[in-house]
2 protein chains.
Amino acid sequence: MSDTSSSKPPLRLGIAGLGTVGAGVIKIVQRKANLLAARTGRPIEISAVSARNRDKDRGVDISAYAWEDDPVALALRDDVDVLVELMGGADGPAKAATEAALAAGKDVVTANKAMLAIHGNELAAKAEAKGAVLRFEAAVAGGIPVVKALTEGLAGNRITRIAGVMNGTCNYILTRMENEGLTYDEVFDAANALGYLEADPTLDVGGIDAGHKLALLASIGFGTRVAFDDMVLEGIERITIEDINHAADMGYRIKLLGVAQMTGRGLEQRMTPCLVPVKSPLGQLENATNMVVLEGDEVGQVVLRGAGAGEGPTASAVLSDVLDIARGFRISTFGVPATTLDSSTPAVASTPAPHYLRLSLVDKPGVLAKVTAALGDAGVSIDRMRQYGQHDNPDVAPVLIVTDPTSRRAIDEALTVMETSGALAAQPVTIRIEDV
Amino acid sequence: MSDTSSSKPPLRLGIAGLGTVGAGVIKIVQRKANLLAARTGRPIEISAVSARNRDKDRGVDISAYAWEDDPVALALRDDVDVLVELMGGADGPAKAATEAALAAGKDVVTANKAMLAIHGNELAAKAEAKGAVLRFEAAVAGGIPVVKALTEGLAGNRITRIAGVMNGTCNYILTRMENEGLTYDEVFDAANALGYLEADPTLDVGGIDAGHKLALLASIGFGTRVAFDDMVLEGIERITIEDINHAADMGYRIKLLGVAQMTGRGLEQRMTPCLVPVKSPLGQLENATNMVVLEGDEVGQVVLRGAGAGEGPTASAVLSDVLDIARGFRISTFGVPATTLDSSTPAVASTPAPHYLRLSLVDKPGVLAKVTAALGDAGVSIDRMRQYGQHDNPDVAPVLIVTDPTSRRAIDEALTVMETSGALAAQPVTIRIEDV
């Protein structure tokens, strides 16, 4: 540590993918050369870059770097020590270049949540077999150093729960719906026009992107193989302004909330819309900001909040990994060697929780009795119930119910009975309530 | 990383200080031996311990560890690789043992904010001269991994500002005053009875303890030598329930807030009561919880929140450092080599900010004109002013003023003029407003 920065050889990066994040990384390396060298004890350099279009203006001068059309060739260059993979996509060039780098024993830093959520176990094992590191701070919650907090900062803890809002676009949509009284479709179209959505918007609003992130954190937290396929996923497409308003009346906000916890029944992983108390840190979260709540048996609850996307924040996270490598920090991708990760059993049922139910009942005598009987028969007890005025349709009686803690399965059972008995005039809405 | 835990020699700890934190560390090492070994690739063991009283019941079995009466002897034992210093106190045995360990080239993990705030530059240089590391996650904001976030997670950033509430006792006192309408003295006595205060309560309520923490973060953030002596310190002793209520009426809460920022005029470091917006993350913070806000030029604002004290959280932070050492992570104490830290120039004046002023004016004609003239002459312009009813003393006219952004010095100038002119019936109250 008392070495001067000039006494160690530079760490030479090959950057594959020159979108906003790639350009952001290049800007930091160019503008902060002295600062980065002072902090790591060695110069950080870029040897070569790769992207689909060489001539595009990215607002950074890349003329000093070698160019490779093929990211695999980039990864294999003799003057590249670390592949910085910023292309995205679970397969294709991103995976090919990552595998090539790891096979050559080179370290890889990536922002690619989809690739790691789907191929992470295999890639981590490949890295470790060659003594390489594969790191992904930028893949989860943008600039928030949450991978580091979980893997290193809380390493003395048995993690009990991980929760969070990890898709800024969804939170932006829900916040605007609530604040401006707009419908989902209206805000979706506005967000799309602003370029906030992925080319395939389902990745955002379907909860897939956020689910990828949660699956990675769960692997670290619980020492289990990444198991994205076992995640319960539900998007925000069916959230209405009506439900947002009812939730607000009862002191809640609707968030696309991820929760992962290890239970006696197996590993629970959910990325679904939930009601959270409006006064909780998660309930207070507005717009595109991300928040992750980590709970450990020693530390209690640690909450981290920051920008979940964008050039600067994501580049900041990429640099965190690069600088760790420059400092000589070597750590397993998911905190313990990939070969020792447990195969988790997905929980057959979620931990019981209160649920919000909005029912549109056929307005006939005896229907409410049928509904309460169906709930009772399924073992669902009612904490609060409210029938409220409906202006547009006199034949329908809308009812709001907050249940006592129960399983989604019990509620679905009751709803099936209600449906069969003809009590429901429209599709019911069920949203879990999380006290986090 | 593909090594099994048995293939590397154990990391052997010597623990000096067996208070609640020391006992907490021992419990984790005992109960989580397999987990810690899996996460670091080597067993974590305790070789020896030291404390003032060997026979005290601490709720942990220490019979398997060697005992040393003298912490310096503990540090020098052949079977101790890392000194875990949990005795506290800026000088005395804590410093002696730390120096002995570092001189022998051994790593030191400490929770001792006072020692580092006062002797940190010198100790870090001693560590680095011997190739040892000296780490202190537990010294700042308890279980929140903020030292790691700043030193590593945000290492690609130029840090622009660090702010936070870092003394749980002060926040507890202020929260109870507000929520229960109690006086400072009433809550102070209650907190004291509960054992929440240091033996010398000034460390807490005078802002010294929190100031120590901020000085350490500022050193990392700005690459400057620790300069606790240059910090502007003001405690919460003079905060009244009246000011808390007036602040609440205007949408603010009073917090003991630390702010460090590098300006063109030098390094600002303040730990003083401030008004913060009630809706901001800091404004929402209640009771003994800590919160640190880190602002970087790339990442924007990252907020971290968690328990700032207590056995589990503090032990969690100690373990974070111990496990980093076990993993072979070697880093300078303040993020860059101590010999390269800049000597900061303390800012001669704070960045201008709005201020809250509560004046008790002599109730005579012309007095208000004198007050506004004094402010105007000092260059202080008024954003809002309110004269309000006073029930207990008809000869005094209480006035609340919120100024436009200005310096404390300008306000003090104006107050001196008011005092000299006999306008003030009682000591004025001035509190800075921070929009953080």
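Higher on the page you've got the structure.
All values derive from a computational prediction rather than experimental measurement.

Summed over the entire model, instances satisfying the criterion amount to seven aromatic pairs over all chains. Centroid distance Y172(A) to Y196(A): 4.9 Å. Interplanar angle 65°. Geometry classified as edge-to-face. Taken together, the positions of Y172(A) in helix α7 (residues 168-180) and Y196(A) in the loop between α8 (184-193) and α9 (202-205) put the pair 24 residues apart, joining distant regions of the chain. You can call Y196(A) partly exposed: its relative accessible area is 40%. Between F136(B) and F334(B), the aromatic rings sit 5.5 Å apart at their centres with planes inclined by 50°, giving tilted as the arrangement. Highlighted residues: F136(B) in the loop between β6 (134-135) and α6 (146-153) and F334(B) in the loop between α12 (311-327) and β13 (355-362), separated in sequence by 198 residues. Side by side, F136(B) and F334(B) carry an identical accessibility label, which is buried.

Within the largest apolar cluster, 166 residues are counted, with the highest numbers of intra-cluster contacts made by V140(A), I162(A), I173(A), V140(B), I162(B) and I173(B). With near-sequence residues (within four places) excluded, I162(B) lies in contact with L150(B), L214(B), L217(B), A218(B), G221(B), F222(B), G258(B), V259(B), A260(B), V292(B), V293(B) and L294(B).

Moving on: the pairing of strand β15 (residues 396-403) of chain A. Residue and element names in this part refer to chain A. Most of β15 is tucked away, with eight of its eight residues classed as buried. Of the two faces of β15, the one lined by V396, P398, L400 and V402 and the one lined by A397, V399, I401 and T403 are each fully buried. Note that strand β13 (residues 355-362) and β15 share seven bridges and pair antiparallel. Considered in β15, the bridge of V362 is made with V396. Looking at chain direction, strand β14 (residues 382-387) and β15 are connected through five bridges and run antiparallel.

On to the sheet that holds strand β5 (residues 107-110) of chain A. All names here are of chain A. Spatially, the six strands line up as an open sheet ordered β3-β2-β1-β4-β5-β6, and their pairing is parallel. Looking at which strands have only one partner, the edges of the open sheet turn out to be β3 (66-68) and β6 (134-135). In this fold helix α4 (residues 92-103) packs onto β4 (82-85), β5 and β6, with an angle of close to 165° to the strand it touches most, β4.

Opposite the 52 residues of chain A that make contact, chain B presents 52 residues. Carbon and sulfur atoms supply 55% of the area buried between chain A and chain B, which totals about 4500 Å² over both sides. Across the chain A-chain B interface, the total number found is six salt bridges. Inspection of the chain A/chain B interface yields 20 residue pairs in polar contact (both at pLDDT 80 or more). Contributing elements (two or more residues each) for the side of chain A that touches chain B: α2 (33-40), α6 (146-153), α12 (281-284), β12 (300-307) and α13 (311-327) of chain A. Looking at the side of chain A that touches chain B element by element, the count peaks at eight residues for α13(A).

Conventions we followed
Residues numbered from 1 in each chain as written. Chains lettered and ligands numbered in written order. Predicted model: local features only at pLDDT ≥ 70, side-chain atom pairs only at ≥ 80, totals over all residues. Heavy atoms only, no water. Phe/Tyr/Trp six-rings, centres within 6.5 Å; stacked < 30°, edge-to-face > 60°. Helix = DSSP H or I, 4+ residues; strand = E, 2+ residues; numbered from the N terminus. Buried < 20%, exposed > 50% of the residue type's maximum accessible area, 1.4 Å probe, protein only. Core = buried A, V, L, I, M, F, W, Y, C linked by side-chain atoms within 4.5 Å. Contact = heavy atoms within 4.5 Å. Pairing = 2+ DSSP bridges. Axes fitted to C-alpha atoms, helices over the stretch in contact; angles between N-to-C directions. Buried area = accessible area lost by both parts, 1.4 Å probe. Salt bridge = Lys/Arg side-chain N within 4 Å of Asp/Glu carboxyl O. Polar contact = N/O pair within 3.5 Å; in protein donor to acceptor, adjacent residues only side chain to side chain.

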